[in-house]
Structures are given as structure tokens and as C-alpha cells.
Amino acid sequence: MSNRDAGPEHQCRQGRKCKARVRDAEGKYHGDGVERPGSLCRPCEREAFESIGYLRDDYGLLAAARTEERSKVSGPKVSGSSERPIPIPLGIDTLMSDIDAEATRWAVRITRGDPIPDTGALTLLCANLGTLVDLPMQLVTVWRPHPDGGDDVTTTTMDGVDAVLRLARLHVRAETVLGLEEPRTEWLRETCHVCGHRTLASVLSDATITCKSCRNVWDQDEFARLNNPLAVA
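Here the structure is a predicted model, which is why all the values come from computation and not from measurement. (Residues numbered from 1 in each chain as written. Predicted model: local features only at pLDDT ≥ 70, side-chain atom pairs only at ≥ 80, totals over all residues. Heavy atoms only, no water.)

**What to know about the overall build of the chain**
Thinking step 1. A tally of regular secondary structure across the chain gives 7 helices and 10 strands.
Thinking step 2. Residues classed as buried in the chain amount to 31% of the 233 residues present.
Thinking step 3. Contacts in the chain between residues at least 24 apart in sequence constitute 46% of all its contacts with a sequence separation of at least 6.
Thinking step 4. Of the roughly 15,100 Å² of accessible surface on the chain, 49% is carried by carbon and sulfur atoms. (Helix = DSSP H or I, 4+ residues; strand = E, 2+ residues; numbered from the N terminus. Buried < 20%, exposed > 50% of the residue type's maximum accessible area, 1.4 Å probe, protein only. Contact = heavy atoms within 4.5 Å. Areas by Shrake-Rupley, 256 points an atom, 1.4 Å probe, with all protein chains shown as cover.)

If you want it as C-alpha cells, here you go:
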């Protein structure tokens, strides 16, 4: 049996959370095959890059939400009102600080210590996502909450894939804090019958299937008919 017949040697870093995960004969899910160990498959990398691209807008929305909540707290109080003042949501401040810290952490590695451009760390990262995800393993400083309060400073090793996944998770947190919900999408194993790429995504809320490469959209019944020769009259 050739190496090709044996299947890919490495699996997507996301493992069971992989967007193109594979189910084996025992029913267990595994990450899709990748060429390099510890890397991401194309669908996982694409989704992470898209999430990072949203972070600049997230930051602006978080800043607006913080301003709005502070104005409610400091606004005039109605005499005799029994309503409690609305507290400033610490989750917003914490998340904005985390976005600043994480973006700066990796931006200085992209610039190799040179000053970050005036456009900001997030803009720099979005313009260099390919470089970011390929960063080698290196020692970084992290802050972890201490059970008794405050933070513990420690060091660990991370690479570019860690960077991309950590930044992408910040977008997910922002959606939660802001109360935003995106349509739930599931990546499909099939290849697109138009362009031949395995970049098909099913939007569960409206029963459509979209190819992220050629941008064609089908409803699920039409897609099943076009991709099942036995169903063609």
C-alpha cells in the first residue's frame, strides 16, 4: 500500500473541533489531513482568518457599548425611581484589554521589534495573516487569573497557529458579549461540482449551501439533486 493510499500522516490541530473533521469506522471524529504537523486544515484556517478580520469592527462595537453603558450609569436619575443603576459591564473592558494585549503580542513579532504602524496592531495582523500562522514555536509571557485575585505571570511556548486560534476566539467572545449571533455554518466534506474545491459550507438556519471559492449558492434539495447522478431524471 502506498503512502497516498494510507491517507494523510498528520491531522488538523483542531482535532475533533476541526471544521472538516473525519469520522472513522468506530464513529470517532479526527482532524482532517494536513501536510505539516500541528497546522490547520484549509477550512479551519479560513474561518480563523475571517474571525480575526472581524476584530477591528468588534473593538469599535465594544467601545460604543461601553460608552453607552457608562452614559446610562452617569445619566440623570428620575426622582423616586426604584430602579438600580446599571453597572458598567466589566466583561467589555476586560475583553477590550485582552484584544489589545493579544494583538500587540503578535504584532511585535511580525515587525520583529520595530514600532507597530500607526494603523494599529490589528490592521497589521490582518495584512500579514499568512506570516502570522507560520510563526515558529517561541517563548511568550502570559497572565493567568489567580484564585485569590490578581494575575500570575508565567511563560509558555506558542507558535503562529496558537496565535491565530487565540485571536479568533476573541471574536467569538466579542459576539457573546455584544449579543451578536451569526448563522450557524457547517463545513461539508464534498467538493464543489462547479470549481472542484472542497470549500462547501451549509448555513443551517436558511437551508442553503455556499461554495466559499466560486461563491455559488444552492438550496439543499437542489444541491442534493445536482450532486447525486441517480437523482437526475
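So, next bit.
**Quick word on the layout of surface pockets**
Thinking step 1. Taken as a whole, the second largest pocket encloses approximately 540 Å³ of empty space.
Thinking step 2. Forming the walls of the second largest pocket are 19 residues, and the residues nearest its centre are Gly33, Val34, Leu40, Cys41 and Arg42.
Thinking step 3. Secondary-structure elements contributing two or more residues to the lining of the second largest pocket are β4 (33-34) and α2 (42-74).
Thinking step 4. Examining the composition of the lining of the second largest pocket, we find that 4 residues originate from one element, α2, more than from any other.
Thinking step 5. Here the residues of the lining of the second largest pocket sort into 6 nonpolar, 5 polar and 8 charged. (1 Å grid on protein atoms, 1.4 Å probe; cavity = no way out; pocket = protein on both sides within 12 Å on 5 of 7 lines; lining within 4 Å. Points joined across faces, edges and corners; volume = space filled by probe spheres on them. Nonpolar A, V, L, I, M, F, W, Y, C, P; charged D, E, K, R; others polar.)

**Here we look at the confidence of the model for the chain**
Detailed reading of the predicted model is not advised wherever pLDDT is low.
Thinking step 1. In the predicted model, the chain carries a mean pLDDT of 81, and 78% of its residues have values of at least 70.
Thinking step 2. Summarising per-element confidence for the chain, the mean pLDDT is lowest in helix α1 (residues 3-6) (42) and highest in helix α5 (residues 129-133) (97).
Thinking step 3. When the criterion is pLDDT under 50, residues 1-6 qualifies, and its contacts beyond four places in sequence or with other chains add up to 1 contact. (pLDDT = per-residue confidence, 0-100.)

**Regarding the packing of aromatic side chains**
Thinking step 1. Tallying each qualifying case throughout the model produces 1 aromatic pair.
Thinking step 2. An angle of 55° between the planes, with centres 5.8 Å apart, marks the rings of Trp218 and Phe223 as tilted.
Thinking step 3. Classification of Phe223 as buried rests on a relative accessible area of 6%.
Thinking step 4. Just above the ring of Tyr29 sits the side chain of Arg21; from NZ or CZ to the centre is 4.8 Å.
Thinking step 5. Above the face of the Trp106 ring, Arg109 is positioned so that its terminal group lies 5.4 Å from the ring centre. (Phe/Tyr/Trp six-rings, centres within 6.5 Å; stacked < 30°, edge-to-face > 60°. Lys NZ or Arg CZ within 6 Å of the ring centre and 35° of its normal.)

**A closer look at the pairing of strand β9 (residues 208-211)**
Thinking step 1. Burial of β9 is two-sided: the residues Thr208 and Thr210 facing one way and the residues Ile209 and Cys211 facing the other way are all buried.
Thinking step 2. Sheet analysis places β9 next to strand β10 (residues 217-219), joined by 3 bridges and oriented antiparallel. Of the residues in β10, the one forming a bridge with Thr208 is Asp219. (Pairing = 2+ DSSP bridges.)

**Observations regarding helix α6 (residues 160-178)**
Because an α-helix completes one turn every 3.6 residues, residues spaced three or four positions apart along the sequence face the same direction.
Thinking step 1. The end-to-end C-alpha distance of α6 is 27 Å, a good match for the 27 Å that 19 residues give at a rise of 1.5 Å each.
Thinking step 2. Of the positions making up α6, those classed as buried are Gly160, Val161, Ala163, Val164, Leu165, Leu167, Ala168, Leu170, His171, Ala174 and Glu175.
Thinking step 3. Measuring from the side-chain oxygen of the N-cap residue of α6 to the backbone nitrogen of Val161 gives 3.2 Å; that N-cap residue is Asp159. (Expected span 1.5 Å × (residues − 1). Polar contact = N/O pair within 3.5 Å; in protein donor to acceptor, adjacent residues only side chain to side chain.)

**As for the nonpolar core**
Thinking step 1. Of all hydrophobic cores here, the largest spans 41 residues; its most connected members are Trp106, Leu125, Leu132, Val164 and Leu167.
Thinking step 2. At the level of secondary structure, the elements contributing two or more residues to this core comprise α2, α3 (90-110), α4 (121-126), α5, β5 (138-145) and α6.
Thinking step 3. Within the second largest apolar cluster, 7 residues are counted, among which are Leu188, Leu200, Ile209 and Phe223. (Core = buried A, V, L, I, M, F, W, Y, C linked by side-chain atoms within 4.5 Å.)

**Notes on the environment of Glu186**
Thinking step 1. Relative to the assigned elements, Glu186 resides in strand β7 (residues 185-187).
Thinking step 2. A relative accessible area of 37% places Glu186 in the partly exposed class.

**Here's the deal with the pattern of salt bridges**
Where charged atoms from two side chains of opposite charge approach closely, those side chains can pair.
Thinking step 1. One pass over the structure, following the stated rule, counts 9 salt bridges.
Thinking step 2. The closest approach of N and O atoms between Arg13 and Asp159, which form a salt bridge, is 2.7 Å. On the criterion of sequence distance, the pair formed by Arg13 in the loop between β1 (10-11) and β2 (22-23) and Asp159 in the loop between β6 (151-158) and α6 is long-range, its members being 146 residues apart.
Thinking step 3. Taking relative accessible area as the criterion, Asp159 reaches 10% and is therefore assigned buried.
Thinking step 4. The salt bridge partner of Arg66 is Asp93, with a shortest N-O separation of 3.0 Å. Here Asp93 lies in helix α3 and Arg66 lies in helix α2, a separation of 27 residues in the sequence. (Salt bridge = Lys/Arg side-chain N within 4 Å of Asp/Glu carboxyl O.)

**Focus: the state of the cysteines**
Thinking step 1. Applying the stated criterion across every chain yields a total of 0 disulfides.
Thinking step 2. The thiol of Cys214 is unpaired, and the distance to the nearest cysteine sulfur, on Cys211, comes to 3.5 Å.
Thinking step 3. A residue is classified by how much of its surface remains accessible, and Cys214, at 26% relative accessible area, is partly exposed. (Disulfide = S-S within 2.5 Å.)

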